[in-house]
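Listed here are the chains, written in short residue letters.
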Amino acid sequence: MPNKLKILNDPIYGFIQIPNSLVFDIIEDPYFQRLRRIAQMGLSSLVYPGAIHTRFQHALGCVYLMQKAVEVLRFKQVEISEEEENALYIAILLHDIGHGPFSHALEHSIINGFSHEEISLRFMNKLNDKFEGKLTLAIQIFKGKYPRKFLCQLISGQLDIDRLDYLKRDSFYTGVNEGNISSDRLIVMMDVANDELVIEQKGIYSVEKFLIARRLMYWQVYLHKTALVAENTLVNVLKRAKELAEKGENLFVSSALHYFLYNQVNKNNFSDETLEMFSKLDDYDILLSVKEWVNHEDKLLSMLSKMIVERKLLKVEIQSNQFSETKIEEKKKKFQEKLHLTKDEIDYFVFLQEIKNQAYTSEKPILIINKKGKLKDIARASDQLNLQSLTKPVIKHIICYPK
């Protein structure tokens, strides 16, 4: 029998130990190995050159942090069975398995009305069949249907293991120090009260830093205007390719991408065959095609692809108020004439987007427990005046147009 209790070296945490042979076998599965070829931050490397880490690395980091969380909670006399422990490892390992190439770009272009969470669940159910029902409890926890609420909160909540890893990891690879949270400290401060995941009062400042870090990382990294325009351009590349495919144009594509461009894929017809083709689709398929499409005879596809490959992106303006119809029409008219495009075609190059940043919501609060066992929402427990303001969504508007 091969040794399945491997130790991996991670640049963030050091050595990560694979907890058991089942987790090892899931990692070895082709469905999971695909995540090696899915960038964690999409096209953000066009802004932060170091941000080329993968969802594979993130998933393994989450398993490491989950091991720490289980250890801490058991030390504080919280009962977690061996079956529940393994289910937590599997659920957090697979929480992002449904992400497609460049994350959300695919969801907004060639797959309609089917989120990556739903695809993750499809993959988990398929793996559950492969592993003879050993993922059943993990799926329950992932869906939030397990009666022990705190176990579900470790997978999906406002202070879940997913966020504790991606903020620290993305901060490391982008070099944006504002996101460098103390995930170890936050985990050590975790406890359970009334079946809810809570944080001890002495950990309140670590939670404050976590929420502020999350807000700053969204403005500086995830909602960076150049990263946004790059993602929107890629969405438009795929939309144009889909339009041409529907007209019967013969495009240079891999077999996996061919399936999604030349078939209408939506929630109602997402079959086992679709899932298999999706499992073969990764960043390489998209990048190879986009490189090739630079030389395509279709003017729109060629121009949009060139913007991505040569990083000659659209100009972006960002402001708090909506852009006036007059300004939008002026931009469209100007560049329609300049680029010799039709009224429909200009929409690929002049477009709007609304972005929202809400670091914290009290709908599913982070609870602080004091020494007397009383629970308080972090927004009320904190003496930071600006923490209350983080509960209000900040909305900004961007307009993109050629330079």
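As a reminder, the structure under discussion sits directly above these lines.
How each quantity is defined
- Residues numbered from 1 in each chain as written.
- Predicted model: local features only at pLDDT ≥ 70, side-chain atom pairs only at ≥ 80, totals over all residues.
- Heavy atoms only, no water.
- Helix = DSSP H or I, 4+ residues; strand = E, 2+ residues; numbered from the N terminus.
- Rg over C-alpha atoms; globule rule 2.2 N^0.38 Å.
- Buried < 20%, exposed > 50% of the residue type's maximum accessible area, 1.4 Å probe, protein only.
- Core = buried A, V, L, I, M, F, W, Y, C linked by side-chain atoms within 4.5 Å.
- Contact = heavy atoms within 4.5 Å.
- Pairing = 2+ DSSP bridges.
- Axes fitted to C-alpha atoms, helices over the stretch in contact; angles between N-to-C directions.
- Patch = residues over 30% accessible without salt bridge, like charges linked within 9 Å, V, L, I, M, F, W, Y side chains within 5 Å.
- Areas by Shrake-Rupley, 256 points an atom, 1.4 Å probe, with all protein chains shown as cover.
- Salt bridge = Lys/Arg side-chain N within 4 Å of Asp/Glu carboxyl O.
- Lys, Arg positive; Asp, Glu negative; His and termini not counted.
- Charge placed at Lys NZ, Arg CZ, Asp CG, Glu CD.
- Parallel < 35°, antiparallel > 145°, perpendicular 65-115°, else oblique.
- Nonpolar A, V, L, I, M, F, W, Y, C, P; charged D, E, K, R; others polar.
- Phe/Tyr/Trp six-rings, centres within 6.5 Å; stacked < 30°, edge-to-face > 60°.
- Arc of directions from axis to C-beta.
- Polar contact = N/O pair within 3.5 Å; in protein donor to acceptor, adjacent residues only side chain to side chain.
- Left-handed = near helix turned anticlockwise from the far one by under 90°.

K.L.:
Quick question: what am I supposed to make of the overall build of the chain here?
P.N.:
Helix and strand counts for the chain stand at 19 helices and eleven strands. The globule rule puts the C-alpha radius of gyration for 403 residues at 22 Å, and the 23 Å found for the chain is close to it. With respect to the principal axes defined by its C-alpha atoms, the chain has extents near 70 × 55 × 35 Å. Burial analysis of the chain (403 residues in total) assigns 55% to the buried set.

K.L.:
What should I look at first to understand the nonpolar core in this one?
P.N.:
In a soluble, globular protein the nonpolar side chains are often hidden away together inside. Core analysis: the biggest nonpolar cluster contains 144 residues, and Leu93, Leu94, Ile161, Leu164 and Trp293 have the highest contact counts within it. Setting aside chain neighbours within four positions, we find leucine 93 in contact with Val23, Ile26, Ile27, Phe32, Ala59, Leu60 and Val63.

K.L.:
I tried to follow the side chain of asparagine 128 on my own but got confused; where do I start?
P.N.:
Of note, asparagine 128 is situated in helix H6 (residues 116-130). In this view, asparagine 128 contacts Gly133, Lys134, Leu135, Thr136 and Ile139; residues no more than four positions away in its chain are not counted.

K.L.:
Help me out: how do you make sense of the sheet that holds strand S8 (residues 351-357) in this one?
P.N.:
Two pairing modes exist for strands in a sheet, parallel and antiparallel, and in both the strands are linked by backbone hydrogen bonds. One open sheet accounts for three strands, arranged S7-S11-S8; its pairing is antiparallel. Edge positions in the sheet fall to strand S7 (315-319) and S8, since each of these pairs with one other strand and no more. The average undirected angle you get between the axes of adjacent strands in this sheet is 25 degrees. Sheet analysis places S7 next to strand S11 (residues 394-401), joined by five bridges and oriented antiparallel. Looking across to S11, one finds that glutamate 317 is bridged to isoleucine 399. In the packing of helix H12 (residues 225-246) onto the sheet, contacts are made with S7, S8 and S11, and the angle to S8 comes to roughly 130 degrees. Together, S7, S8 and S11 form the strand contacts of helix H17 (residues 325-339), whose direction differs from that of S11 by roughly 20 degrees.

K.L.:
So what exactly am I meant to see when it comes to a positive patch on the surface here?
P.N.:
A contiguous patch of positive charge, built from Lys225, Arg311, Lys315 and Lys403, is present on the exposed surface. Residue classification places arginine 311 among the partly exposed positions, given a relative accessible area of 40%.

K.L.:
In this structure, what is going on with the sheet that holds strand S5 (residues 196-200)? I would like to understand it.
P.N.:
One open sheet accounts for four strands, arranged S4-S5-S9-S10; its pairing is mixed. Two strands in the sheet have a free side with no partner beyond their single neighbour: strand S4 (190-193) and strand S10 (375-377). Geometrically, the sheet is characterised by an average inter-axis angle of 45 degrees between neighbouring strands, direction not taken into account. Sheet analysis places S5 next to strand S9 (residues 367-369), joined by three bridges and oriented parallel.

K.L.:
Even after reading the chapter, I still don't get the packing of H12 against helix H15 (residues 283-293), so can you show me in this structure?
P.N.:
Each pair of packed helices can be summarised by the angle the axes make with each other and by the distance between the axes. Between H12 and H15, the shortest axis-to-axis distance is 12 Å and the interhelical angle comes to 75 degrees. Between H12 and H15, the angle falls in the class roughly perpendicular. Along its contact with H12, which presents Leu234, Val237, Leu238 and Ala241, the element H15 presents Ile286, Val290 and Trp293. Class assignment for the residues of the contact of H12 with H15 results in seven nonpolar, no polar and no charged.

K.L.:
Help me understand the pattern of salt bridges in this model?
P.N.:
Oppositely charged side chains are able to pair whenever their charged atoms sit close together. Throughout the structure, instances matching the rule amount to 19 salt bridges. Here glutamate 276 and lysine 280 are joined by a salt bridge, their closest N and O atoms 3.9 Å apart. On the accessibility criterion, glutamate 276 (28% relative accessible area) is partly exposed. Among the charged side chains, a network of salt bridges with common partners joins Asp10, Asp165 and Arg169.

K.L.:
Could you clarify how one ought to interpret the packing of aromatic side chains in this entry?
P.N.:
What characterises a pair of aromatic rings is the spacing of the ring centres plus the angle enclosed by the ring planes. By the definition in use, this model includes twelve aromatic pairs. A ring pair is formed by tyrosine 13 and tyrosine 64, whose centres lie 4.7 Å apart and whose planes are at 15 degrees; its orientation type is stacked. Pair noted here: tyrosine 13 is in the loop between strand S1 (7-10) and strand S2 (14-17) and tyrosine 64 is in helix H3 (residues 55-75), with a separation of 51 residues, a long-range link. You can call tyrosine 13 buried: its relative accessible area is 14%. Measuring from ring centre to ring centre gives 5.9 Å for phenylalanine 335 and tyrosine 401, while their planes differ by 25 degrees; the resulting arrangement is stacked. Of this pair, phenylalanine 335 sits in helix H17 while tyrosine 401 sits in strand S11, and the two are 66 residues apart along the sequence. In this structure, phenylalanine 335 and tyrosine 401 share a single accessibility class: buried.

K.L.:
Please explain H15 as it appears in this structure.
P.N.:
Structurally, the α-helix is built with 3.6 residues per turn, so residues lying three or four positions apart point the same way. Listed as buried for H15 are Asp283, Asp285, Ile286, Ser289, Val290 and Trp293. Relative to the axis of H15, the buried residues are bounded by an arc of 160 degrees and lie together on one face. Opposite the buried face of H15, by more than 90 degrees, sit the exposed residues Tyr284 and Lys291. The inward-facing, buried residues of H15 contact helix H5 (104-107), H12, helix H13 (255-261) and helix H16 (299-309). Among the residues of H15, the N-terminal cap falls to aspartate 282, whose side-chain oxygen and the backbone nitrogen of tyrosine 284 are separated by 2.9 Å.

K.L.:
I keep staring at the packing of H12 against H16 and nothing clicks. Help me out?
P.N.:
In contact at an axis separation of 9 Å, H12 and H16 are set at 150 degrees when each is read in the N-to-C sense. Our classification of the angle between H12 and H16 gives roughly antiparallel. Like other packed secondary-structure pairs, H12 and H16 cross with a definite hand, here left-handed. On H16, the residues touching Ala230, Thr233, Leu234, Asn236, Val237, Arg240, Ala241 and Leu244 of H12 are Leu300, Leu301, Leu304, Ser305, Met307 and Ile308. When the residues that make up the contact of H12 with H16 are grouped by side-chain class, the tally is ten nonpolar, three polar and one charged.

K.L.:
Whenever I open this one, the pairing of S2 confuses me. Can you help?
P.N.:
Residues in a regular strand point their side chains to alternate faces of the sheet. Looking at chain direction, S1 and S2 are connected through four bridges and run antiparallel. Each residue of the ladder has a partner; that of asparagine 9, found in S2, is phenylalanine 15.

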